[in-house]
Amino acid sequence: YADFGAAFIANHSAADRPWFLFASFNHVHVTDANYSKANPPPGYSDWQFSSVEFCGSSGRGGTGDAVQELDDAVGQLLASVKRAGAERKTITFFTSDNGNPEYGDMLGNLPLRGYKASNWEGGVREPAIVRWPGRIAAGVTSWALATTYDIYPTVMRLAGGSMPPGRVYDGKDLSA
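The model shown is predicted, which means the values in this text are computed figures rather than measured ones.

1. So, the overall build of the chain
Per the secondary structure count, the chain includes five helices and two strands. Starting at the N terminus and ending at the C terminus, the chain contains elements arranged as α-α-α-β-α-β-α. Taking as baseline every contact in the chain between residues at least 6 positions apart, the subset at least 24 positions apart corresponds to 49%. Element-wise, carbon and sulfur atoms account for 55% of the exposed surface of the chain, whose accessible area totals about 11,800 Å².

2. A closer look at the packing of aromatic side chains
Within the structure shown, the criterion is met by three aromatic pairs. Relative to Phe25, the ring of Tyr1 has its centre 5.0 Å away and its plane inclined at 70 degrees; by these criteria the two rings are edge-to-face. With Tyr1 in the segment before α1 (2-14) and Phe25 in the loop between α1 and α2 (32-36), the pair connects residues that are 24 residues apart, well separated along the chain. A relative accessible area of 51% places Tyr1 in the exposed class. Judged by centre distance (6.3 Å) and plane angle (45 degrees), the ring pair of Tyr152 and Tyr169 falls under tilted. In this pair, Tyr152 sits in helix α5 (residues 151-158) while Tyr169 sits in the segment after α5, placing the two residues 17 residues apart along the sequence. On the basis of relative accessible area, Tyr152 is assigned to the partly exposed category, the value being 41%. When the ring centre of Trp120 is taken as origin, the NZ or CZ atom of Arg113, which lies over that ring, is 3.6 Å away.

3. Points about α1
Over its 13 residues, α1 runs 18 Å from end to end, which matches the ideal 18 Å to within 8%, given 1.5 Å per residue. Among the residues of α1, those classed as buried are Ala2, Gly5, Ala6, Phe8, Ile9 and Ser13. Buried residues along α1 cover an arc of 160 degrees about the axis, so they all sit on one side. With respect to the buried face of α1, the exposed residues turned more than 90 degrees away are Asp3, Phe4, Asn11 and Ala14.

Reading the values: the criteria
Residues numbered from 1 in each chain as written. Predicted model: local features only at pLDDT ≥ 70, side-chain atom pairs only at ≥ 80, totals over all residues. Heavy atoms only, no water. Helix = DSSP H or I, 4+ residues; strand = E, 2+ residues; numbered from the N terminus. Contact = heavy atoms within 4.5 Å. Areas by Shrake-Rupley, 256 points an atom, 1.4 Å probe, with all protein chains shown as cover. Phe/Tyr/Trp six-rings, centres within 6.5 Å; stacked < 30°, edge-to-face > 60°. Buried < 20%, exposed > 50% of the residue type's maximum accessible area, 1.4 Å probe, protein only. Lys NZ or Arg CZ within 6 Å of the ring centre and 35° of its normal. Expected span 1.5 Å × (residues − 1). Arc of directions from axis to C-beta.

What follows is the structure in structure tokens.
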């Protein structure tokens, strides 16, 4: 992911054209540690969601290892944006989709209660970071409720576009 994303960022930034990169990582969706303790379905191989380099590196089980590798990959993408001189023109949204699965390595959700597909905080509370140097101050925390549905209308407005008419959208523009 990181190599492809870095090349994409370099190429499109050099062309001085607007670009959009959606990097959807599998790292924390399901890890080998979860499946090895829960009778893996056919077709799942060792280290599928964490490379050998990161397995056992976190002290927080398979999910922790996957998070460390994800952090490394995101760091590579942000470094690519910086190298391209595009930091002040680039909005970065970082989020996830849900908590750790119920089976296997439950250390990934601590200290939150619950797991993926539950209504407890460990199942629905997601990390979300928005980074835009020069426009959003570093270190600011917001407790406002938001969802990934909000990214599309927000990006459309910030890019000077508008939402296509005649449709119902679940998301709201967060930049207003």
